[in-house]
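Below are the chains, spelled out letter by letter.
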Amino acid sequence: MSAPVEEEYEALLQFMYMAPIGLVQTLADGEITMINPLCAQLLMPLSPDGQLANLFTALEAVVPDLRQRVQDFPDVHGTVCDALQVPIATGQPGRRQSQVLALTLLKLDAERLMAVISDVTQSVRRDRELRQSQAWINTLAIGLTDYALVSLDHHGCVQDWNPSIARITGFTEDQVIGRSLSMFYPEDAISEQRVLDRLHEADRTGWSLDEGWCVRADAGRYWGSCLIAPLHDRDDALTDEHAYSLIIRDVSDRREAAEALLKAVSCDHLTGLLNRRAFVEAVELEMQRWARFPRPLSLVMIDADHFKRINDQYGHAAGDAVLRHLAAGMTATFRAMDVLARFGGEEFVVLLPDTTLEGAEIVAQRLCQLLASQAVEVGGQAVRYTISAGVATMDADVSDFDALMQRADEALYAAKAGGRNRVERWQPALQSAAVR
Amino acid sequence: MNTEQTLSFSNAALFDYLDRASDAELDSLDFGVIGMDDATQVRRYNRFESAAAGLSPDRVIGHALFTVVAPCMNNFMVAQRFEDAQQDGSVLDDTIDYVLTLRMRPVKVKLRLLARPGSDLRYVLVHRQT
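Note that the structure is a prediction, hence the values are computed from the model and not measured. (Residues numbered from 1 in each chain as written. Chains lettered and ligands numbered in written order. Predicted model: local features only at pLDDT ≥ 70, side-chain atom pairs only at ≥ 80, totals over all residues. Heavy atoms only, no water.)

Asks: Could you give me a rundown of the overall build of chain B, with the residues and numbers involved?
Replies: Across its full length, chain B holds 6 helices and 5 strands. Starting at the N terminus, the α and β elements of chain B follow one another as α-α-β-β-α-α-α-α-β-β-β. Taking 130 residues into account, the globule formula puts the C-alpha radius of gyration at 14 Å, and chain B, at 14 Å, falls close to it. In terms of overall dimensions, chain B has C-alpha extents of about 40 × 35 × 30 Å along its principal axes. Classification of the 130 residues of chain B by burial places 51% in the buried group. (Helix = DSSP H or I, 4+ residues; strand = E, 2+ residues; numbered from the N terminus. Rg over C-alpha atoms; globule rule 2.2 N^0.38 Å. Buried < 20%, exposed > 50% of the residue type's maximum accessible area, 1.4 Å probe, protein only.)

The structure is reproduced here in structure tokens:
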């Protein structure tokens, strides 16, 4: 090469060295033939074997199907993927940083591929911030009521402080930072697992909205409408980088209307507990959560003892009073997050999320003892009654909710057979005994 | 030729030698030497490295190592180690397997990263793996 050509070659080489975008050329099987430094900078931390011999291998952990995509690409040349966003985490343990790479892969011809890889972490972050502003604007557009905007991490813990949180909830910065969003709800209204469920549902559907009692720092209650919206991309694979917006609005003035509507469609008119249809709906949601992530889930089936005798002896009004009394006892005994329903006649069911068989049995025992110790006043008469209860819990052998109901029913039958006014838990031995 | 030329890539006393060595002495080494100052600007660039990268020293010296000369090292595996050592005022002497993109070809190398408090220069040594 003559001197000027050599110099131009060197300048070109340096141009490629300095290019602020990753470029790599490979053979059809991914073997790297040319690669520039920025590409190596981005790929080296990902490379499972510490080498950059093959692009598919280097990207295996983050785009496992790249090789397949290339194989499946029908045309002789063209774009195999265009600015595919690839979330990655790099760095030493304990100081991991998340990055988002954009990968464009071109098929040049039958033998050659060329990829462009760039770090789009910043622009993705800007998009996320934009989405957060949009959430704000939406909130403003929805109504004139005040709201608190809370940013949450992937555990549902409060990340940042802003004065709107104090305005709505009365909590101070020290009280909320790093705490779970469950702190905004009454003590037994939402479990940590339920928090994660709601985040997951927000991931899946774009948002998770609920309305119900919330609690302020001074323990005062208000009727809150709480929207959780994800701030990350739906296909963002790195769960520990997920972030959410929680918007809490005090809609206490809407509570009565909302409650009345809710009651009309989902509650049993006599007892105020959920009706059978609403219970089945709630169960379906719980079963989806269980299927996604099995965790303790128990069921208590409750039946008023000798209810027919009460009706016959004291009249139907007394029977209704007993059912209302029983429902009130259930509401007082179980947690707000438990699903309480009148299943029909004198039969009641309670679904207890995040509760083991033992835990459910203890609560059911408490209810049993409470009701046995009280009398219902009906027309000047004190009516005493007892209940029997059967307890069962989800496990891998329980195929679906009907099967769980079946087990609780078998346990309830055992409690009745054992003399009533007692709680029995389902045991394998009951299965054969319950054939009746 | 002086005896120090026999110093190998992995010699424990290499830092002292590099700090004292003349340009000619650095050029005689059979591995790449890049010396940078505390602002990551390249101050020394030996013949071996120049030939391997295809860049003459005047294109490199005075430029920022991690953005202009060797962006491929600008990640937690290399650049971060220097930053950490600088921040902590600690001695850095790590040897890692790496891949450089010499003339756009992926080349397996061993990098030895050297830094110590009080020294004017910090070094990246490049040893081609065979």
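Asks: Lay out the sheet that holds strand β4 (residues 105-115) of chain B with the relevant residues and their values.
Replies: Residue and element names in this part refer to chain B. The sheet built from 5 strands is open, its strands ordered β2-β1-β5-β4-β3 with antiparallel pairing. Both outer strands of the open sheet, β2 (42-45) and β3 (92-102), are each paired with one neighbouring strand and no more. Across this sheet, the average inter-strand angle for adjacent strands is 25°, counted without regard to direction. One ladder, built from 5 bridges, connects strand β1 (residues 32-36) with strand β5 (residues 122-128); its direction is antiparallel. Within β5, the position partnered with Gly35 by the bridge is Tyr123. Sheet strands touched by helix α6 (residues 79-88): β1, β3, β4 and β5. Its angle to β3, the strand with the most contacts, is close to 150°. (Pairing = 2+ DSSP bridges. Axes fitted to C-alpha atoms, helices over the stretch in contact; angles between N-to-C directions. Contact = heavy atoms within 4.5 Å.)

Asks: Go over a negative patch on the surface with me, naming the residues and quoting the values.
Replies: Together, A:Glu6, A:Glu7, A:Glu8 and B:Asp58 give the surface a local cluster of negative charge. Summarising the element assignment, B:Asp58 is placed in helix α4 (residues 57-60). (Patch = residues over 30% accessible without salt bridge, like charges linked within 9 Å, V, L, I, M, F, W, Y side chains within 5 Å. Areas by Shrake-Rupley, 256 points an atom, 1.4 Å probe, with all protein chains shown as cover. Salt bridge = Lys/Arg side-chain N within 4 Å of Asp/Glu carboxyl O. Lys, Arg positive; Asp, Glu negative; His and termini not counted. Charge placed at Lys NZ, Arg CZ, Asp CG, Glu CD.)

Asks: Summarise the interface of chain B and chain A; cite the residues concerned and give the values.
Replies: Facing the 25 residues of chain B at the interface are 27 residues of chain A. At the boundary of chain B with chain A, total buried surface from both sides reaches about 2,400 Å², with 59% on carbon and sulfur atoms. Of all residues in chain B, the largest losses of buried area upon contact with chain A belong to B:Arg59, B:Phe76 and B:Met104, amounting jointly to 30% of the total for that side. Put simply, chain B and chain A have 1 salt bridge between them. The partner of A:Glu10 in a salt bridge is B:Arg59, and the shortest N-O contact between them spans 3.1 Å. Inspection of the region where chain B meets chain A yields 10 residue pairs in polar contact (both at pLDDT 80 or more). Contributions of two or more residues to the side of chain B that touches chain A are made by α5 (65-69), α6, β3 and β4 of chain B. With 5 residues, the single largest contributor to the side of chain B that touches chain A is β3(B). A class-by-class count of the residues in the side of chain B that touches chain A yields 12 nonpolar, 7 polar and 6 charged. (Buried area = accessible area lost by both parts, 1.4 Å probe. Polar contact = N/O pair within 3.5 Å; in protein donor to acceptor, adjacent residues only side chain to side chain. Nonpolar A, V, L, I, M, F, W, Y, C, P; charged D, E, K, R; others polar.)

Asks: Residue-level account of empty space enclosed by the protein, with values.
Replies: Counted by the stated rule, this structure contains 2 cavities of 30 Å³ or more. Roughly 110 Å³ of internal volume is contained in the largest cavity. Around the largest cavity sit 14 residues that line it, and B:Glu49, B:Ala53, B:Val69, B:Ala70 and B:Leu102 are the ones nearest its centre. Of all the secondary-structure elements, those providing two or more residues to the lining of the largest cavity are α3 (47-53) and β3 of chain B. Top contributing element to the lining of the largest cavity by residue count: β3(B), with 3 residues. Taken together, the residues of the lining of the largest cavity break down into 12 nonpolar, 1 polar and 1 charged. As a volume, the second largest cavity reaches approximately 50 Å³. Looking at the second largest cavity, the residues that line it are A:Ser191, A:Gln193, A:Arg194, A:Asp197, A:Glu286, A:Trp290, A:Arg295, A:Pro296, A:Leu297, A:Pro353 and A:Asp354. (1 Å grid on protein atoms, 1.4 Å probe; cavity = no way out; pocket = protein on both sides within 12 Å on 5 of 7 lines; lining within 4 Å. Points joined across faces, edges and corners; volume = space filled by probe spheres on them.)

Asks: Report on the pairing of strand β15 (residues 387-393) of chain A, specifying residues and quantitative values.
Replies: All names here are of chain A. Summarising burial for β15: 7 of the 7 residues are buried, a large majority. Of the two faces of β15, the one holding Ile387, Ala389, Val391 and Thr393 and the one holding Ser388, Gly390 and Ala392 are both buried throughout. Two strands pair when backbone bridges link them, and strand β10 (residues 297-304) and β15 are joined in this way by 7 bridges, in the antiparallel orientation. Bridge pairing links Ser298 to Thr393 in β15. When β15 meets strand β16 (residues 423-425), the two strands line up parallel, connected through 3 bridges. When the bridges of β16 are listed, Ala389 appears paired with Val423. Between the parallel pair β15 and β16, the chain is carried across by helix α14 (residues 401-417), and the sense of this crossover is left-handed. (Right-handed = clockwise from strand over helix to strand, strands pointing away.)

Asks: Before we move on, could you go through the environment of A:Tyr314 and cite the residues and values that matter?
Replies: Residue and element names in this part refer to chain A. Along the chain, the position of Tyr314 falls in helix α11 (residues 307-314). A residue is classified by how much of its surface remains accessible, and Tyr314, at 28% relative accessible area, is partly exposed. Dropping the residues within four chain positions of it, Tyr314 is found in contact with Gln381 and Val383.

Asks: Give me the lowdown on the packing of α11(A) against helix α12 (residues 316-333) of chain A, citing residues and values where you can.
Replies: Residues and elements named next belong to chain A. Two elements in contact, α11 and α12, have axes whose closest approach is 6 Å; the angle formed by their N-to-C orientations is 135°. If you check the angle between α11 and α12, you find them oblique. Contacts from Phe307, Ile310, Asn311 and Tyr314 of α11 reach α12 at His316, Ala318, Gly319, Val322 and Leu323. Taken together, the residues that form the contact of α11 with α12 break down as 6 nonpolar, 3 polar and no charged. (Parallel < 35°, antiparallel > 145°, perpendicular 65-115°, else oblique.)

Asks: Any chance you could break down the sheet that holds strand β12 (residues 347-353) of chain A for me, citing the residues and the numbers?
Replies: Residues and elements named next belong to chain A. Taken in spatial order, the 5 strands of this open sheet run β11-β12-β10-β15-β16, and their pairing is mixed. The open sheet has two edge strands with one neighbour each: β11 (339-344) and β16. Strand-to-strand twist in this sheet, taken as the mean axis angle between neighbours without regard to direction, amounts to 20°. Direction of pairing for β10 relative to β12: antiparallel, over a ladder of 7 bridges. Among the inter-strand pairings, Ile302 is bridged to a residue of β12, identified as Phe348.

Asks: Describe the confidence of the model for chain B, naming the residues involved and giving the relevant values.
Replies: Mean pLDDT over chain B stands at 90; residues scoring 70 or higher make up 95%. Contacts from residues 1-5 of chain B, a stretch scored under 50 in pLDDT, to residues over four places away or in other chains number 5 contacts. (pLDDT = per-residue confidence, 0-100.)

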